[in-house]
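# Descriptive analysis of the structure
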Amino acid sequence: DPGLPIARCTASGDLQITDEARLLFGRCPGKSSRHADSAEWLQLASRLEANLGSLNSELNAHVESGDAESAVAVLAQISERRLKPDVVTYTTLMKAGARSVSPSDVEQIVLSALQEKILVDIGFFSTALYAFARAGDLPRAERCVLIMRDARIVPDLACYNSLIHAASKAGQLHRVQHWLDQAEMSGLPMTGVCYASVLNACAKVADAEGAEAAASLWSMAVSAKWREQWIEAAVQKGSETDLAVSQIRSDLGYEKSAEQLRALQKTGLLRLTDLKNDPAKFFEAHRLLAHHAPKLGPGFWIRFTVHYNLFAGSVLAVGNDQQVAQLDDIQQKGLLGCFGLTEKLAGVNSGGVVKTTAEWDDASKEFVITSSDVGAHKNWISQGLVGELAVVVADLRVAGKRCGAHAFLMQLRKEGQPVPNVELGDMGRKTVGNDLDNAWIAFHGARIPHSALLNRYGDVQPGNGGTYISKAKGLTNMGMIGQRLFSGRVAVAWAALTFTRKLYDMTRQYSDRKKCWAPKGTSNLTSVPQLNHLYARADSNLAQLESFVGECERQLNDCLRKDEIPSVALQEAIACAKIVASETSIDLCFRLKQDVGSHALMGDTGFEQMDFLQACKFAEGDSRILMQKLARDRVKVSKAIGSSEEQRLTAELQAALKGGAQAWDENFDKVYDLAWHVVTRNIDTLCPGATLRLPCGLSKL
Ligand SMILES: Cc1cc2nc3c(=O)[nH]c(=O)nc-3n(C[C@H](O)[C@H](O)[C@H](O)COP(=O)(O)OP(=O)(O)OC[C@H]3O[C@@H](n4cnc5c(N)ncnc54)[C@H](O)[C@@H]3O)c2cc1C
């Protein structure tokens, strides 16, 4: 532009860029100090022949002063001059969106920019997310992140702040937690800004939706301190035994690995009673540990959940008050417990089938624990080779009568040696998790005292050979032990999803950096179409399942705190959560392994720990067994429930079963098909919009 002053010489001899030049080159539409108000700035702009930079500046000035009409006029000028809007134009428009335009218009701006193939940047997306957050539009904010990842732009702290803010405005606490987790997992320096945003959100929710949500968010923000200690700072001054999660190692032998759990529980950061008193913390501890699973494998995670959920959880579920009180002592001394349910013959059907017996001896007032044969040996018992204590499930016999499966809290080891008449062996080397000891246990008439029976719901009264007393009508000891399976299933579902998220994040970091030849010039591995689509699909599947499992957890926590049995509907939803989280994770990780090339063969990439998910598949209820139960429960109901396909399969199985029980196995494909329909219906009920496909581990031969 002839005649435009580019720079002036100041009194001190320096060159200073003129405002006119700034305006004309205006990629950065800021105001100079001399022109403090936007009216003067606009006047200056009008003196110049407009180009895109100056029009963007003008647009920005109108947006800042809230003059929508003039902003629209500038847009018209841009199009009249056949100028192509750039990322600054679109970002400026979205800034207006944050003030006055509806979230759907902001979303439209994002989509138009991408359609126009505008080179978008992090500022563009963070402005859009800010607009969605202000409107409390969580679905649009989460969709925007998917688009962003598609454009290969990694969210920064400002983006996470907006997501946390949007989730809290929408009152979705588990999504607040999720985005807080994601921010932490992405390795961004957590300077407290995210937590501050949670606190800010508390105040806002308090205005809008009442004190309850605010209190819950508030405690979430306060728990940030706890999380920090659990992950990083549990080592207290002067103590050599305390340990934090980030220091856990998996390259240690059984004893040393167990020492880590003893140290972790001695910190007292997670109480053995928290499953009942503070279940949200219990699940959070499991999730934070699972973040490390692609590095550590499944060994320590299983050791941890067996001790806190299966062992201590069973005492909480069926122990009397004194037995529950013992847990504090166990924790303080750093003792470890295992859970002996599975038997060699019964396998995944253990619990329903129990061949270990506990015979009441009225003379000595003891129980005599015996494995009736080799098939009754307990097997796969985690921590069995190091634990001092065990909860053992055995079929109770009193005065020659069978009273059903009951749980006994017994000493397994004294001064490092197994107690008399208990024989233990090692299950052998596994593909992963060899820091965890898995034992087989044979009982040869081991004697345990009357007080060993966890007797909140049923007891034995000594005298005259002994009498069995049921303490609560309709509640069986085994049924109540089964309650532990619900918390276990939710914990396992989270573990599978957390492992998968982490493996995808780690792999994505690699594929973003990895250069790749392409016909139109060098690109990166992420842009290979099948991998790119897989990333997008994984993101949307995982987001949906995290919402679903989060909702199951929220409802279960309520029951745990109130000491109530979950409703049948919630029990079914939890079974679905366990199946779908582990099977979809197996599917997604398997596909990732197929499409990322040689990287998947390398050590320390997380792929070598993929059998973590195999353990998720059969822990706390094997996928197939749970699916059989879902299908059995479904065919008992004649009411029209679910899709027409679900109703058709139900009717066909009901008709086939009229010909005899063998029809069940003969139609096994239909049984699993029906179960999958029940799974997707459950997800759709709690988190509408299911788009899941049948995972490869459940597909037909
Ligand atoms: C690392 C690890 C840690 C464990 N920790 C513990 C623990 O601490 N305490 C404990 O009690 N247990 C523990 N277990 C046991 C675990 O919970 C399973 O019960 C056990 O692994 C079953 O294994 P299995 O191969 O013997 O099952 P099997 O019964 O032989 O089943 C093999 C497969 O056949 C299928 N199947 C079997 N029966 C049926 C049927 N009727 N209908 C349809 N399909 C069927 C199942 O899908 C299963 O995948 C652990 C297992 C492992 C591997």
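Just so you know, these numbers come straight off a predicted model, no measurement behind them. Along each chain, the written sequence defines residue order, and numbers are assigned to residues from 1. Local features are withheld for residues below a pLDDT of 70 in this predicted model, meaning they are given only at 70 or higher, and side-chain atom pairs are given and counted only at 80 or more; totals for whole chains, interfaces and linings count all residues. Each side-chain value is worked out from all heavy atoms of the structure, with water and hydrogens disregarded.

### So, the site of the ligand
Rules: Throughout, the term near means that a residue has one or more heavy atoms lying within 4 Å of the molecule or strand in question. Any pair of nitrogen or oxygen atoms within 3.5 Å is treated as a polar contact; in protein, a donor-acceptor pairing is required on top of that, and neighbouring residues in sequence qualify only through side-chain atoms on both sides. We count a stretch as a helix when DSSP gives it H or I for four or more residues in a row; a strand needs E for two or more, and each element gets its number in order from the N terminus.
Within the structure, the ligand sits among 18 residues, and F339, T342, W380, S382 and D622 are positioned closest to it. Contacts to the ligand include S382, whose side-chain N or O atom sits 2.8 Å from a nitrogen atom. Between the ligand and the protein, one listed contact pairs a nitrogen atom with a side-chain N or O atom of Q628 at 3.4 Å. Mapped by element, the contributors of at least two residues to the shell around the ligand are α17 (299–318), β6 (378–382) and α24 (623–635).

### Details of unusual backbone geometry
How we decide: Accessible area is worked out with a 1.4 Å probe on protein chains only. A residue is then buried under 20% of its type maximum, exposed over 50%, and partly exposed in between.
With a phi angle near 50°, A399 is a residue other than glycine that sits in the positive phi range. Positionally, A399 belongs in the loop between β7 (389–398) and β8 (401–411). With a relative accessible area of 48%, A399 lands in the partly exposed category. A positive phi angle is found at E620, which is not glycine, with a value near 55°. One can find E620 in the loop between α23 (611–618) and α24. On the basis of relative accessible area, E620 is assigned to the buried category, the value being 11%.

### Remarks on the nonpolar core
For soluble globular proteins, the rule of thumb is that nonpolar side chains tend to be buried together. For clarity, the threshold we go by: To qualify as a nonpolar core, a set must consist of buried Ala, Val, Leu, Ile, Met, Phe, Trp, Tyr and Cys residues joined through side-chain atoms within 4.5 Å. Note on contacts: a residue pair qualifies if any of its non-hydrogen atoms lie within 4.5 Å across the two residues.
Within the largest apolar cluster, 118 residues are counted, with the highest numbers of intra-cluster contacts made by W230, F304 and F548. F304 has contacts with W230, L261, L264, L270, A285, H286 and L289, leaving out every residue within four places of it along the chain. Judged by nonpolar contacts, the second largest core, of 40 residues, contains I78, V87, V88 and A166.

### Points about the pattern of salt bridges
What counts, and what does not: One side-chain nitrogen of Lys or Arg within 4 Å of one carboxyl oxygen of Asp or Glu is enough to make a salt bridge.
By the definition in use, this model includes 38 salt bridges. Between E259 and R262 there is a salt bridge, and its shortest N-O distance comes to 3.4 Å. Of this pair, E259 and R262 both sit in helix α13 (residues 254–266), 3 residues apart, roughly one helical turn. By relative accessible area, which is 42% here, E259 ends up partly exposed. With a relative accessible area of 12%, R262 lands in the buried category. The closest approach of N and O atoms between E284 and R287, which form a salt bridge, is 2.8 Å. Here E284 pairs with R287, and both are found in helix α15 (residues 279–290), just 3 residues apart, close to one helical turn.

### Topic: the environment of T92
Position of T92 among the secondary structure elements: in helix α5 (residues 87–99). When the C-alpha positions of T92 and T127 are compared, they lie 8.6 Å apart, and in sequence the two are 35 residues distant. Beyond its immediate sequence surroundings of up to four residues, T92 is in contact with L59, N60 and V63. Side-chain polar atoms of T92 contact the backbone oxygen of V88, separated by 2.5 Å.

### Observations concerning a nonpolar patch on the surface
As a reminder of what qualifies: Residues with no salt bridge and a relative accessible area higher than 30% make up the patches, which join like charges within 9 Å and nonpolar side chains (Val, Leu, Ile, Met, Phe, Trp, Tyr) within 5 Å. Accessibility throughout is a Shrake-Rupley quantity obtained with a 1.4 Å probe, and a residue counts as covered only by protein chains that appear here.
A contiguous nonpolar patch, built from V348, F618 and I625 and spanning about 260 Å² of accessible area, is present on the exposed surface. With respect to the helices and strands, I625 occurs in helix α24. Taking relative accessible area as the criterion, I625 reaches 32% and is therefore assigned partly exposed.

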